[in-house]
Amino acid sequence: MEEIKIFSPATVANVACGFDVLGFCLDTIGDHMVVRKTLEKGIKITEIEGFDLPFEATENVAGVSALALIEDAKPNCGFEIEIYKNIKPGSGIGSSSASASGSVFAINELLGKPYNKTQLTYFAMQGEKMASQSEHADNLAPGIFGGFTLVKSINPLEILELPTPKDLYAVIVHPQIEIKTSEARAMLPNNVPLIDAIIQWANVGSFVHALHTSNYGLIQRSLQDIVIEPYRKRLIPHFSQVKSESMKAGALGCAISGSGPSMFALSHGLENAKKIELAMKKVYSNTQIDLETYVSKINTKGIKIL
Ligand SMILES: Nc1ncnc2c1ncn2[C@@H]1O[C@H](COP(=O)(O)OP(=O)(O)O)[C@@H](O)[C@H]1O
Ligand SMILES: N[C@@H](CCOP(=O)(O)O)C(=O)O
């Protein structure tokens, strides 16, 4: 194979209680990428559509992650990368992650798949580190593995794949403003009160159990973030109103997606998800804020070859 075209999906990181640990993969929104082998060695980004991003490989997360992989693989060829972005940078649904994971996934396929998904996540982390100035894999893991994932540890990198209840849907509301992950991380405290930590890790454990048992009521009781949301919600216009309207419409839970400004809600069933989407959208109907919204099944496959 000399060329490959892929769909690299958007992802929701943190998932309320699981900051830097939990994440899930979306289905209806993502980037397209084309990667092909070249005789000339190295990494070249030859096409970027959708948003204004750097073509210099060392300044684009797709290039940085690809360079990390070829540094290890030392192939006797190079690669050209075309990026067709649908995920707005600074969105909170893993724009940088989709590029970083998509490029290493594609190159791995072209090299005959010498690396496993954990190794690909490690290479993609090198790109994410450049974008967010910190090491986190909670967007990358669900994009590469699919479904829900839990990042057990960064060093050594260990990722757990979690089950996806079959009738679970996600609603994404993305106010068209930009929040850089690096800035949204810099505003966080270094310490968490013990009482808050206890509640947060109880929610993580309960949420994981709820996924394993398809217990939608326990999902609802676990989707709570008392550590990060209090700091970041002020960055998102009308966040509290969106959250309360989504819950009134029947959401299992609603929280900030990644570092924002996107928000996500989880729904038991598609019809309920559509009602929740309308309720969340309505909050912005009399504002000047542009909005993108998506209703998505949980994508259990992750990155797809087209
Ligand atoms: N290929 C890329 N895709 C998206 N963002 C990129 C890419 N390369 C570099 N960046 C930079 O990374 C930042 C977006 O990453 P981030 O702040 O984590 O947003 P998101 O929440 O959408 O992932 C932006 O500053 C953007 O300029
Ligand atoms: N755990 C990270 C996740 C960032 O997600 P993104 O989609 O905003 O890149 C954080 O919250 O900083």
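Higher on the page you've got the structure.
Please read all numbers here as calculations on a predicted model, not as lab measurements.

(A) Inspection of the overall build of the protein chain at higher detail. Secondary structure summary: the protein chain contains 10 helices and 11 strands in total. Relative to its length of 306 residues, the protein chain is compact, with a C-alpha radius of gyration of 19 Å against a globular reference of 19 Å. Counting only contacts in the protein chain whose residues sit at least 6 apart along the sequence, the fraction spanning at least 24 positions is 74%. Of the roughly 12,900 Å² that the protein chain leaves accessible, carbon and sulfur atoms contribute 51%. Charge-centre separation for the protein chain: the mean point of 28 positive side chains lies 6 Å from the mean point of 32 negative side chains.

(B) Region of the structure containing the site of ligand 2. Every one of the 15 residues lining ligand 2 counts as a neighbour, but Asp20, Asp138, Arg185, Arg232 and Ser259 are closest to it. One nitrogen or oxygen atom from the side chain of serine 259 is found 2.6 Å from an oxygen atom belonging to ligand 2. Looking at the shell around ligand 2, its residues break down into 3 nonpolar, 8 polar and 4 charged. Built from parts of two domains, the shell around ligand 2 gets at least three residues from each of domain 1 (3–161) and domain 2 (168–297).

(C) Expanded view of the side chain of threonine 149. Positionally, threonine 149 belongs in strand S5 (residues 148–153). Given a relative accessible area of 0%, threonine 149 falls into the buried group. The contact partners of threonine 149, leaving out residues within four places of it in the chain, are Val21, Leu22, Gly23, Ala141, Pro142, Ile159, Leu160 and Leu162.

(D) Structural context of the site of ligand 1. Taken together, 17 residues lie near ligand 1, and Asn60, Ser96, Ser99, Lys180 and Thr181 sit nearest. Separating a nitrogen atom of ligand 1 from a side-chain N or O atom of asparagine 60 is a distance of 2.8 Å. Glycine 92 places a main-chain nitrogen or oxygen 3.1 Å from an oxygen atom of ligand 1. For ligand 1, whose free accessible area comes to 560 Å², the fraction covered by protein is 90%. Sorting elements by how many residues they give to the shell around ligand 1 places helix H2 (residues 95–110) first, with 3 residues. In terms of residue class, the shell around ligand 1 is made up of 4 nonpolar, 9 polar and 4 charged.

(E) Representation of the environment of serine 206. Considering the arrangement of structural elements, one finds serine 206 in helix H6 (residues 194–213). Counting along the chain gives 150 residues from serine 206 to glutamate 56, while the straight-line C-alpha distance between them is 44 Å. Contact partners of serine 206, with chain neighbours within four places excluded, come to Leu218 and Ser222.

(F) Quick look at the pairing of strand S2 (residues 22–38). Among the 17 residues of S2, 13 are classified as buried, and the element is accordingly described as predominantly covered. Bridge count for strand S1 (residues 3–13) against S2 is 10 bridges, and the pairing is antiparallel. Of the residues in S2, the one forming a bridge with glutamate 3 is arginine 36. The pairing of S2 with S5 spans 3 bridges and is antiparallel. Among the inter-strand pairings, leucine 22 is bridged to a residue of S5, identified as leucine 150. Two elements, S2 and strand S4 (residues 78–84), share 7 bridges in a ladder whose sense is antiparallel. In the strand pairing of S4, arginine 36 is matched with glutamate 80.

(G) Examining the packing of H2 against helix H3 (residues 117–132) more closely. H3 packs onto H2 with a crossing angle of 145° between their chain directions and a minimal axis gap of 9 Å. Crossing of H2 over H3 shows right-handed handedness. Each of Ser96, Ser97, Ala100, Ser101, Val104, Phe105 and Asn108 in H2 lies in contact with H3, whose residues at this interface are Leu120, Phe123, Ala124, Glu128 and Ala131. The residue makeup of the contact of H2 with H3, split by class, is 7 nonpolar, 4 polar and 1 charged.

(H) Inspection of unusual backbone geometry at higher detail. The peptide bond linking asparagine 155 to proline 156 adopts the cis configuration, its omega dihedral lying at 5°. As for its position among the elements, proline 156 is in the loop between S5 and strand S6 (158–162). The backbone phi angle of alanine 16 is positive, close to 70°, even though this residue is not glycine. Tracing the backbone through its elements, the reader meets alanine 16 in the loop between S1 and S2. Overall, the relative accessible area of 3% leaves alanine 16 in the buried class. Located in the positive-phi region is aspartate 20, a residue other than glycine, with phi close to 65°.

Thresholds applied
Residues numbered from 1 in each chain as written. Chains lettered and ligands numbered in written order. Predicted model: local features only at pLDDT ≥ 70, side-chain atom pairs only at ≥ 80, totals over all residues. Heavy atoms only, no water. Helix = DSSP H or I, 4+ residues; strand = E, 2+ residues; numbered from the N terminus. Rg over C-alpha atoms; globule rule 2.2 N^0.38 Å. Contact = heavy atoms within 4.5 Å. Areas by Shrake-Rupley, 256 points an atom, 1.4 Å probe, with all protein chains shown as cover. Lys, Arg positive; Asp, Glu negative; His and termini not counted. Charge placed at Lys NZ, Arg CZ, Asp CG, Glu CD. Near = heavy atom within 4 Å. Polar contact = N/O pair within 3.5 Å; in protein donor to acceptor, adjacent residues only side chain to side chain. Nonpolar A, V, L, I, M, F, W, Y, C, P; charged D, E, K, R; others polar. Domains from an automatic or database assignment. Buried < 20%, exposed > 50% of the residue type's maximum accessible area, 1.4 Å probe, protein only. Pairing = 2+ DSSP bridges. Axes fitted to C-alpha atoms, helices over the stretch in contact; angles between N-to-C directions. Left-handed = near helix turned anticlockwise from the far one by under 90°.

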